Amino acid sequence: MSVRVRMAPSPTGYLHVGGVRTFLFNWLFARHEGGEFRLRIENTDTSREVAEAVDQIQDSLRWLGLDWDGEVTFQLDRMDDCRRVADQLLAEGKAYEDEGAIRFRMPDGGTTGWDDVVRGRVEVPNETIEDLVLVRSDGRPTYNFASPMEDVWDGITHVIRAEDHISNTPKQINIIRAIGAALPVYAHVPNVNGADGKKLSKRHGDTGVEEFRKAGYLPDALINFLALLGWAPDGETTIMSRDELVRRFTLERVSPSPAQFDYAKLDWMNGMYLRALPPDDFAHRLILWLGEQGYAWDAELVRKAAPLVQEKIARLGEFPDYARFLFEDVEASVDGGAEVVAAARDALEELEPFTAQAIEAALRGVVEGLGLKPRQGFQPIRVAVTGSTISPGLFESIELLGRETTLRRLSVAAA
RNA sequence: GCCCCCAUCGACUAGCGGUCCAGGUCGCGGCCCUUUCAAGGCCGUAGCGCGGGUUCGAAUCCCGCUGGGGGCACCA
């Protein structure tokens, strides 16, 4: 039998990385099994719906490369079907009216249980489950009714969701049983926590997918990092391509315990991905990213500057601080060493050709001539030319900057 | 309060009774390289929450405790 899973975001806000990790596990499972992966928007709470959220969610998923099969479906479209089922349950005495709403009659004694793929057997005493509202007094079905109904109608074989749904599961199981349908397999994956050990949410700052895109993370790196939150193929492998992830993913190896989101490790991993990019590809992504972020910097110059920073940055968002001096005027800043700066200016004035190699030879001559150590000699020049104590390679930077601008900055600093 | 889930280095994890005086990765510290910052190389730091069992043998199985988390809406 073929596998079919779904991701079911509610359009109440933007997609955040905790949710993405859960969707990723669904996606990896579906692709690994050669099954289907559906996108269903759970919008039964019209009052909390945010207008652009549906588009935003799809944009984020596309950016991440989590492609879904078939058309996007909306829970609200099944309102009438839900009502029909509710009426039937009413007629059968399995539900009852309560102040205009329809409530489901939960079993009295015993327990409701299931074999969770990541947690093993889970049992809940039925007396602790209250009769839940299936249909609100205004006629709209509730999430805990519509969701399992849609799972049944769509032929969902595996419900893979985060652990905060564990307490909903026995309710949904009883509803599915009441209509005589087959139960899906359940897998409750662990939550993703913030640094405070609490479930990741808006309160933890920039956890929306769009924020990661803005910061300059690569989708593949984010996916690789997220896959390792609660899952590992073995104890050794950390960097894995999408294909490898798909090939090796199994639900059985998903851990039941929550994982903490660690930006330091993400940054390291993103740096690995950035450095592994072919230089042209790296430059291309940099140009696209700068465009998205509203920088009007010359693409050709960015292309030339890209190799100078490729192994220095962990996020594309670090590029502007490294390379701003190539595109904008810098604050005239002096870090002592007026003498070496002046000598550097003189040495570069007539230098031919004006290439990194020649520049390096010339400046090394200047520094040695003054009896300075490389570190002492080059730093004032760096500060004069780039406006910062941290920069890409000095000689390549000067070549890119060009003679005219370089001489002007050196003159200002030497004055 | 009630129900449920979880528990290996600071973090992510490997480990499914002996091959573990616990391995990998990030972080952190040191050294090397070096024009800054990175990158890279080498070395190091640090952990099985506690108490009972079971067993010849327990990080691994069972029970309790403690600690953490999630859920208890006409929200999803």
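See the structure shown above.
The residue count restarts for each chain, going from 1 along the sequence in the order it is written. Each chain is given a letter, starting from A, and each ligand a number, starting from 1, according to the order in which they appear as written. It should be noted that, the model being predicted, local features are given only for residues of pLDDT at least 70 and side-chain atom pairs only at 80 or more, the latter also being counted only at that level, while totals for whole chains, interfaces and linings use all residues. The basis for the side-chain values is all heavy atoms of the structure; hydrogens and waters are excluded.

Chemist: Explanation requested: the protein's contact with RNA strand B in the structure shown.
Modeler: To be near a molecule or strand, a residue needs just one of its heavy atoms within 4 Å of it. Neighbouring residues of RNA strand B: 67 residues in total, closest R119, R136, G230, K312 and R382. The sugar-phosphate backbone supplies 73% of the atoms of RNA strand B found within 4 Å of the protein. We define a polar contact as two N or O atoms separated by no more than 3.5 Å, with the added condition that, inside protein, one atom must be a possible hydrogen donor and the other a possible acceptor, whereas residues neighbouring each other in sequence contribute only through side-chain atom pairs. E99 places a main-chain nitrogen or oxygen 3.0 Å from a base nitrogen of RNA strand B. Here a base nitrogen of RNA strand B sits 2.2 Å away from a polar atom, N or O, in the side chain of K312. Think of it as three bins: nonpolar holds Ala, Val, Leu, Ile, Met, Phe, Trp, Tyr, Cys and Pro, charged holds Asp, Glu, Lys and Arg, and polar takes everything else, Gly as well. Looking at the surface near RNA strand B residue by residue, the class counts come to 23 nonpolar, 20 polar and 24 charged.

Chemist: Hey, could you run me through the nonpolar core in this one?
Modeler: Taken as a class, soluble globular proteins show a tendency for nonpolar side chains to be buried jointly. Counting residues in hydrophobic clusters, the biggest one holds 97 residues, and the most contacted among them are F261, F319 and I381. By definition, any uninterrupted DSSP run of H or I lasting at least four residues is a helix, any uninterrupted run of E lasting at least two residues is a strand, and each is numbered from the N terminus. Per-element tally for this core: the top contributor is helix α1 (residues 17–33), with nine residues. Working rule for contacts: check all heavy atoms of both residues, and any pair within 4.5 Å makes them a contact. Every residue in contact with F319, bar those within four places of it in the chain, is listed here: L286, L290, W297, V302, A305, V309, I313 and F327. In this structure, F104, L132, I175 and A178 belong to the second largest nonpolar core, which totals 18 residues. Side-chain atoms within 4.5 Å link the members of a nonpolar core, which is a set of buried Ala, Val, Leu, Ile, Met, Phe, Trp, Tyr and Cys residues. Exposure classes here rest on a 1.4 Å probe applied to the protein chains alone. A residue is buried below 20% of its type maximum, exposed above 50%, and partly exposed in between.

Chemist: Quick question: what am I supposed to make of the packing of aromatic side chains here?
Modeler: Note on aromatic contacts: the rings of Phe and Tyr and the six-membered ring of Trp form a pair at centre separations within 6.5 Å, being stacked when their planes are under 30 degrees apart, edge-to-face when over 60 apart, and tilted otherwise. With the rule as written, the count across this model stands at 14 aromatic pairs. Pairwise contacts between aromatic rings join F212, Y217, F225, F261 and Y263 into one cluster.

Chemist: Is there a simple way to think about the packing of helix α13 (residues 338–349) against helix α17 (residues 403–414) in this case?
Modeler: Where α13 meets α17, the axes come as close as 8 Å, and the angle between the chain directions of the two elements is 155°. By the angle between their axes, α13 is roughly antiparallel relative to α17. In this structure, α13 meets α17 at a crossing whose hand is left-handed. Residues A338, V341, A342, A344, R345, L348 and E349 of α13 form the contact with α17, whose participating residues are R403, T406, L407, L410, S411, A413 and A414. For the contact of α13 with α17, the per-class residue count stands at nine nonpolar, two polar and three charged. Every angle, taken between N-to-C directions, lies between 0 and 180 degrees, and every axis is a line fitted to C-alpha atoms, over only the stretch in contact when it is a helix. By definition in this entry, angles of less than 35 degrees are roughly parallel, angles greater than 145 are roughly antiparallel, angles of 65 to 115 are roughly perpendicular, and the rest are oblique. Take the far helix as the reference: if the near one is turned anticlockwise from it by less than a right angle, the crossing is left-handed, and if turned clockwise, right-handed.

Chemist: How should I be thinking about the pairing of strand β2 (residues 36–41) in this particular structure?
Modeler: Note on strand geometry: in a regular strand, side chains alternate between the two faces of the sheet. Direction of pairing for strand β1 (residues 4–7) relative to β2: parallel, over a ladder of four bridges. By the bridge assignment, R4 is partnered in β2 with E36. Regarding topology, α1 serves as the crossover connection from β1 to the parallel β2, and that connection is right-handed. Summarising the sheet, β2 and strand β3 (residues 73–74) pair through two bridges and their orientation is parallel. Looking across to β3, one finds that R40 is bridged to T73. Any two strands between which DSSP finds at least two bridges are classified as paired. When the strands point away from the viewer and the path from the first strand over the helix to the second turns clockwise, the crossover is right-handed.

Chemist: It is not clear to me how a nonpolar patch on the surface should be interpreted in this structure. Could you clarify?
Modeler: Taken together, the side chains of I239, W268 and M272 define a hydrophobic patch exposed on the protein surface, amounting to about 240 Å² of accessible area. Tracing the sequence through the fold places M272 in helix α9 (residues 263–276). Residue classification places M272 among the partly exposed residues on the basis of a relative accessible area of 32%. Candidate patch residues must exceed 30% relative accessible area and have no salt bridge, after which like charges are joined if within 9 Å and Val, Leu, Ile, Met, Phe, Trp or Tyr side chains if within 5 Å. Residue-level accessible areas treat just the shown protein chains as cover; the underlying method is Shrake-Rupley with a 1.4 Å probe. Salt bridges, as used here, are contacts in which a Lys or Arg side-chain nitrogen is within 4 Å of a carboxyl oxygen on Asp or Glu.

Chemist: Even after reading the chapter, I still don't get the environment of R375, so can you show me in this structure?
Modeler: Following the sequence through the fold, R375 ends up in helix α15 (residues 374–386). Relative accessible area serves as the criterion here: at 75%, R375 is assigned to the exposed category.

Chemist: Would you take a moment to explain the layout of surface pockets for this structure?
Modeler: The gaps of empty space that remain are located by a probe, the size of a water molecule, rolled over the atoms. Two kinds of site are reported from a 1 Å grid over the protein atoms alone, namely cavities, where a 1.4 Å probe fits but cannot get out, and pockets, open sets with protein on both sides within 12 Å along at least five of seven lines, and residues are called lining when an atom falls within 4 Å of a point. Grid points are joined across faces, edges and corners, and a volume is the space filled by probe spheres set on the points. Approximately 1,000 Å³ is the volume found for the largest pocket. Contributing to the lining of the largest pocket are 40 residues, with A8, P9, S10, D164 and H165 lying nearest its centre. At the level of secondary structure, the elements contributing two or more residues to the lining of the largest pocket comprise β1, α1, α4 (143–153) and β9 (158–162). A per-element tally of the lining of the largest pocket places α1 first, with six residues. A breakdown of the residues in the lining of the largest pocket according to their chemical character gives 14 nonpolar, 15 polar and eleven charged. Taken as a whole, the second largest pocket holds about 190 Å³ of empty space. Surrounding the second largest pocket, W63, R213, G216, Y217, L218, P219, H284, R285, L288, W289, E292 and L316 form its lining. Per element, the largest residue contribution to the lining of the second largest pocket is five residues, and it comes from helix α10 (residues 279–292). When the residues that make up the lining of the second largest pocket are grouped by side-chain class, the tally is seven nonpolar, two polar and three charged.

Chemist: Explain α10 here, please?
Modeler: Because each turn of an α-helix spans 3.6 residues, side chains separated by three or four positions end up pointing in the same direction. Helices are assigned an expected span. That span is 1.5 Å times one less than the residue count. With 14 residues, α10 extends 20 Å between its outermost C-alpha atoms, agreeing within 8% with the 20 Å of an ideal straight helix rising 1.5 Å per residue. Where α10 is concerned, the buried positions are F282, A283, L286, W289 and L290. The arc that holds every buried residue of α10, seen down its axis, measures 130°, which confines them to one face. Contact partners of the buried residues in α10: α6 (209–215), α9, α11 (299–309) and α12 (319–327). Just past α10, the residue G294 takes up positive phi, approximately 85°. Regarding the arc, it is the one traced by the directions from the helix axis to the C-beta atoms.

Chemist: Sorry if this is basic, but what is going on with the environment of F378 here?
Modeler: On the secondary structure map, F378 appears in helix α15. Exposure remark for F378: the relative accessible area of 10% places this residue in the buried category. It is 7.5 Å that separates the C-alpha atoms of F378 and V367, two residues lying eleven residues apart in sequence. Setting aside anything within four residues of it in sequence, one finds F378 in contact with L363, R364, V367, L394 and F395.

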